[in-house]
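# Fold and contact review
As a plain string of letters, each chain reads:
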Amino acid sequence: MIRMRQFALCLFVGLACPSVATNLGDSLRFLLDADASAQERIKAMIHIATRAAGRDPMGALGYATNASRLAVQNGDSVLLREALVASGAIQQRLGLRAEFTQNSMRALRISLNLARPEWIAADLQTVSRARRLNDDPLGAVEEARKAVAVAAPTRDLQLILNAEAYLLETLIDAGLLVEARRCADRALALSADANDPDRSAAVRLLMGKAMLAQGKHLDAQPYLVSAERTLCAGVNPEACAQARLALARMAIQAGRIPAATEHLAAAEAAIRGHSSPAAMRRQVLELYRDLALARNDHRSAYGQLTALKAMDDSLRNADRELILTGMRVMHDVDQMDLDNAELRERNNRNEGRIANQRAHNRILIGSTVALLVFVGALLMFVLRTRRIIRWSRMKSAVIERQKNELHVKSLELEQQNLRLRDTLLSEEQKDLVLREIHHRVKNNLQVIDSLLGLHIGDPADPAASRALREAQGRIRAMAMVHTAIYRRGGEHDLPVGDHLHELARLVLVAHGRHDAISVVVDAPPDRLHAKELMPLSLIVNELLSNSLKYAFANRDQGHVRIALQRVDGSWVMLFSDNGDCPTDERAYVRPGSFGQDLLRALADQLGGQLSIRSVNGTQVRLEFEAVADAFRKAS
């Protein structure tokens, strides 16, 4: 649809403006190329509009307008701004003031969104020109000041110089001559820094004109002479003519008639053979009128005034004709857009009908293919069914024979299940009996513990009370193991860490030292068999009781550490305290005492080795191989 719209617009421009179509045939062929992208077509149309603006502004406006609309459709802000700048320049040439103002403001908004300072400054100057065209010189000056403010932070010397030069021109046009002289001083300094003699000469020319407007022809003379010397040495005849016209005006103000005549003749010679602007031609007529008045030649002055009036009338008629032509172009473009919209709607309806027909055709083809697939599948199903029936008959006899064999085997399995059920029932009964035995043993031990507790308080024999308390501790250690077996439901997998924690707490409470002595148990989360845990518990009970009796007998505070760990497949228990250090092993466990015999017997029961050292307290090391591990190795 976009290519159709481009083709219609280009066809319209080609028919309305044959010269543009003839001169720009290559660009039109590129624009209508089906392989060109939208960005390439937009750039081509902007190029065409810029190149044709001087020869055929109406045709160029059509290209620029179409480029703007295509850029909007593609969402390309950069190309949209370029198209708006091109169309704005053409609208300014055609005198379409409202459209030029609207375009310049739109381009400025895009530059602000893109945050490009050089574009913002240029667009502010364009808005200023639009305000000058709409007879708003003060508004134009304000926009030019904004352009200078935007250019200053960029530190781009050329950009700042352009903004200052344009502000100077706008100030002179608005009659703000004092500020114009200050602006000229800044521009001269910038042009000197930029090493730009042509721009410096243009600034001097503007400064001289500002002084002439103030009637200071003597002050203006050095600026105008310097500007004329530089500009006329260049290749720009229009700038040279402007300098000589300014010198002629200065000579008229000073009353130097021959010099004014010479400068006017030189200005006409500079622009002769070139397409000079109408404003310059009008300025020449004004100066000839002023020169005639200075000579008191009223007849010649009247003739020049008549020529000026005729030129003004001709320019106004040409401007009106350009404005009307531009309005006709805009109207034709809008009408073409309406026609293209109607054409797009009609094409969309046709495409909808074609799409519906294609959908119906696809449905019909799909239905036919599905029917053929279904017939083929049905045929394959019939053939497969016949083979399955034949195979089923062959397998039925095998299945029947296997069924009889399975029946016999199922009877045998039922008999085995009955025997297993009886075995399991007997095992469960054994577990229940064992649990009950351990529970009763635990209860009996608690009864013995209570009976011993009744005799401990007899003060007549302290040694007997101490012996009873030691026996009571050993009985409680054995009772704890039976309690763990009863709770776990078996002798396997008894948690060693929790058990030692609880055992240490009971020993401390039994001796009344739970608030004074701290016990730390460091044991892995492993589990032991009851055959391991029972002697280990009695050893820990005996060692902790001895520490409380001997190591901490004369101390209010103390620390005991019990560590259990695996080392190279064996268990190692380390018992240590920080109590009073005995002089030798006999001071801790007396030879021939019941405690020593009990420790050695328990270590032998575990199949381990027991060693006692007295260095900074008492340290006991017990290394043994787990009974359960020995059973597993044997099995």
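To be clear, the structure that these remarks concern was listed above.
So, here's what we can say about the structure. Along every chain, residues carry numbers that run from 1 in the direction the sequence is written. Local features in this predicted model are restricted to residues whose pLDDT is 70 or higher, and side-chain atom pairs enter the listing and the counts only when it is 80 or higher, whereas totals over whole chains, interfaces and linings include all residues. The basis for the side-chain values is all heavy atoms of the structure; hydrogens and waters are excluded.

With that out of the way, let us pick up the sheet that holds strand E5 (residues 570–577). DSSP calls a pair of strands paired once it identifies at least 2 bridges connecting them. Each helix corresponds to a stretch of at least 4 residues labelled H or I by DSSP, and each strand to a stretch of at least 2 residues labelled E; elements are numbered beginning at the N terminus. An order of E2-E4-E5-E7-E6 is seen for the 5 strands of this open sheet, with the pairing classed as mixed. In this open sheet, the two strands that pair with only one neighbour each are strand E2 (517–522) and strand E6 (609–614). On average, each strand axis in the sheet is tilted by 10 degrees relative to the strand beside it, whichever way the strands run. Note: E5 against strand E7 (residues 618–624), 6 bridges, orientation antiparallel. Considered in E7, the bridge of Leu574 is made with Arg621. For every element, the axis is a line fit to its C-alpha atoms; helices are fit only across the contacting stretch, and the angle between N-to-C directions ranges from 0 to 180 degrees.

On to the packing of helix H4 (residues 38–52) against helix H6 (residues 77–94). Direction vectors running N to C along H4 and H6 enclose 20 degrees, while the axes themselves pass 10 Å from each other. By the angle class used here, H4 and H6 are roughly parallel. Pair H4 / H6 crosses with left-handed handedness. Taken together, the residues of H6 that come into contact with H4 (itself represented by Gln39, Ile42, Lys43, Ile46, Ala49 and Thr50) are Leu79, Glu82, Ala83, Ala86 and Ile90. Of the residues contributing to the contact of H4 with H6, the split by class is 7 nonpolar, 2 polar and 2 charged. Every angle not falling under 35 degrees, over 145, or within 65 to 115 is termed oblique; those three ranges are roughly parallel, roughly antiparallel and roughly perpendicular. Definitions for this section: a left-handed crossing has its near helix turned counterclockwise from the far helix by less than a right angle. A right-handed crossing has that turn clockwise. Note on contacts: a residue pair qualifies if any of its non-hydrogen atoms lie within 4.5 Å across the two residues. We call Asp, Glu, Lys and Arg charged. Ala, Val, Leu, Ile, Met, Phe, Trp, Tyr, Cys and Pro are nonpolar, and the rest, Gly among them, are polar.

Note that patches include only residues with greater than 30% relative accessible area and no salt bridge, and the join distances are 9 Å for like charges and 5 Å for nonpolar side chains (Val, Leu, Ile, Met, Phe, Trp, Tyr). Where accessible areas are quoted, they stem from the Shrake-Rupley method and a 1.4 Å probe; at the residue level, only the protein chains shown are allowed to cover. Counted as salt bridges are all cases of a side-chain nitrogen of Lys or Arg within 4 Å of a carboxyl oxygen of Asp or Glu. A contiguous nonpolar surface patch, about 620 Å² in accessible area, is contributed by Leu371, Phe374, Val375, Leu378, Phe381 and Val382. Following the sequence through the fold, Leu371 ends up in helix H17 (residues 298–456).

This paragraph deals with the packing of helix H7 (residues 97–114) against helix H8 (residues 117–133). Here H7 crosses H8 at 160 degrees, and the two axes come no closer than 9 Å. Compared by their axis directions, H7 and H8 come out roughly antiparallel. The way H7 lies across H8 gives a crossing that is left-handed. Of the residues in H8, those in contact with Arg97, Phe100, Thr101, Ser104, Met105, Ala107, Leu108, Ser111, Leu112 and Leu114 of H7 are Trp119, Ile120, Asp123, Leu124, Thr126, Val127, Arg129, Ala130 and Leu133.

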